[in-house]
Amino acid sequence: MDKSLDLFIKLVRESTRFVNRDFFELRTMQSSGKNTRQFAEKTCQKMLECYNESMTKYFPDLIFTVEDLQTKQIDKEAILINILDGFDNLTKSLPYFASVATKLEKKGQNILPKQSVMVMHGINKIFYAISGTGAWAEDLYGHVEARRLRVAGYNAKN
């Protein structure tokens, strides 16, 4: 595996390590009638803090919204982070939510995605990809080797 991707995956895992615990905590809260939305918001806030703490050591430019991506000047590279896609699913204790981080590089006037990592704690999976190389999936908490995902071919000539 590419060393930069290995580091990137490690940083994303560090930033989201507590989410599985929070997800199962929310499952027990469903029956107690407590406010799950506030709990999920605290989870997102903690992820934001953890991403800032772990990622900025290696990648100083973090972008958390599409609006910031459009307005911020990227010199060489930046990390685009979607803290939590599927927030409502987390609040309802449904396992279909993810945190996604994508490494962007500037080539000329274009900003291109180079690496991406998606962590889905609810289904115990992590997916990652490198532009032009492929995509893989593995169990988040297991010793199962990564499986290469088959990517559909696309003819971009036309």
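Look up: the structure comes first, before these words.
Basis of the calculations
- Just so you know, the residues in each chain are numbered from 1, in the order the chain's sequence is written.
- Local features in this predicted model are restricted to residues whose pLDDT is 70 or higher, and side-chain atom pairs enter the listing and the counts only when it is 80 or higher, whereas totals over whole chains, interfaces and linings include all residues.
- With hydrogens and water stripped out, all remaining heavy atoms of the structure feed into the side-chain values.
- We define a nonpolar core as any set of buried Ala, Val, Leu, Ile, Met, Phe, Trp, Tyr and Cys residues linked to one another through side-chain atoms lying within 4.5 Å.
- Three exposure classes are used, based on accessible area relative to the maximum for each residue type with a 1.4 Å probe and protein chains only: buried under 20%, partly exposed in between, and exposed over 50%.
- Each helix is a run of DSSP H or I of at least 4 residues and each strand a run of E of at least 2, with the numbering of both proceeding from the N terminus.
- It only takes one pair of heavy atoms within 4.5 Å for two residues to be counted as in contact.
- Two strands make a pair as long as DSSP finds a minimum of two bridges between them.
- Only the contacting stretch of a helix is used when fitting its axis, a line to C-alpha atoms as for every element, and angles between N-to-C directions run 0 to 180 degrees.
- Note: crossing handedness is left-handed where the near helix turns anticlockwise from the far helix by less than a right angle, and right-handed where it turns clockwise.
- Residues were grouped as follows: Ala, Val, Leu, Ile, Met, Phe, Trp, Tyr, Cys and Pro as nonpolar; Asp, Glu, Lys and Arg as charged; and all remaining residues, including Gly, as polar.
- Helices are assigned an expected span. That span is 1.5 Å times one less than the residue count.
- Residues adjacent in sequence count toward polar contacts only when both atoms are side-chain atoms; beyond that, a polar contact is any pair of N or O atoms within 3.5 Å, and within protein one must be able to donate a hydrogen and the other to accept it.

(A) Structural context of the nonpolar core. Met55, Ile79, Leu84, Ala101 and Val117 are the most contacted members of the largest nonpolar core, which totals 33 residues. Looking at this core, the elements with two or more residues in it are α1 (3-16), α2 (19-32), α3 (36-55), β2 (77-85), α5 (87-91), β4 (110-120) and β5 (125-130). The element that contributes the greatest number of residues to this core is α3, accounting for 6 residues. The contact partners of Ile79, leaving out residues within four places of it in the chain, are Phe8, Met55, Phe59, Asp61, Leu62, Ile63, Ala101, Thr102 and Lys103.

(B) Quick peek at the pairing of β2. In the sheet, strand β1 (residues 62-63) pairs with β2 via 2 bridges, with the strands oriented parallel. Its bridge partner lying in β2, Leu62 is registered against Ile79. Here β2 runs beside strand β3 (residues 98-107); their pairing, made up of 7 bridges, is antiparallel. Each bridged residue has a counterpart across the sheet, and for Ile81 the counterpart in β3 is Ala101.

(C) Focus on the sheet that holds strand β7 (residues 147-149). Sheet architecture is open: 7 strands sit in the order β1-β2-β3-β4-β5-β6-β7, paired in mixed fashion. Looking at strand neighbours, the two that pair on one side only are β1 and β7, the edges of this open sheet. Judged from the 9 bridges that link them, β3 and β4 form a sheet pairing that is antiparallel. Its bridge partner being in β4, Leu104 is matched across the sheet by Pro113. Here α1 sits on the sheet in contact with β2, β3, β4, β5 and β6 (134-139), set at roughly 50° to β4. Along the sheet, α3 contacts β1, β2 and β3; its crossing angle with β2, the most-contacted strand, is approximately 160°.

(D) Just the packing of α1 against α3, in detail. Relative to each other, α1 and α3 sit at 145°, their axes nearing to 8 Å. Note that α1 runs across α3; the crossing there is right-handed. Contacts between α1 and α3 involve Phe8, Leu11, Val12, Glu14, Ser15 and Thr16 from the former and Met47, Cys50, Tyr51, Ser54 and Met55 from the latter. Of the residues in the contact of α1 with α3, the class split is 7 nonpolar, 3 polar and 1 charged.

(E) Expanded view of the side chain of Thr43. Residue position: Thr43 is located in helix α3. The class for Thr43 is buried, based on a relative accessible area of 1%. In contact with Thr43, other than residues within four places in its own chain, are Phe18, Val19, Asp22 and Leu90.

(F) Highlighting α3. For α3, built from 20 residues, the straight-helix expectation of 28 Å at 1.5 Å per residue is met to within 8% by its first-to-last C-alpha distance of 28 Å. Measuring from the side-chain oxygen of the N-cap residue of α3 to the backbone nitrogen of Arg37 gives 3.0 Å; that N-cap residue is Asn35.

(G) Just the pairing of β4, in detail. Here β3 folds back onto β4 in antiparallel fashion, the turn holding 2 residues, of which Gly108 has a positive phi close to 65°. Where β4 meets β5, 6 bridges bridge the pair, whose relative direction is antiparallel. Counterpart to Met118 in the pairing with β5 is Phe127. Turn length for the β4-β5 hairpin, with the two strands adjacent in sequence and antiparallel, is 4 residues, and the turn residue Asn124 shows positive phi of about 60°.

(H) Expanded view of the side chain of Ser99. For Ser99, the position within the fold is in strand β3. For Ser99, a relative accessible area of 2% puts it in the buried group. Polar contacts involving the side chain of Ser99 include one to the side chain of Tyr51, which spans 2.7 Å. Every residue in contact with Ser99, bar those within four places of it in the chain, is listed here: Thr16, Met47, Tyr51, Asn82, Ile83, Val117, Met118 and Val119.

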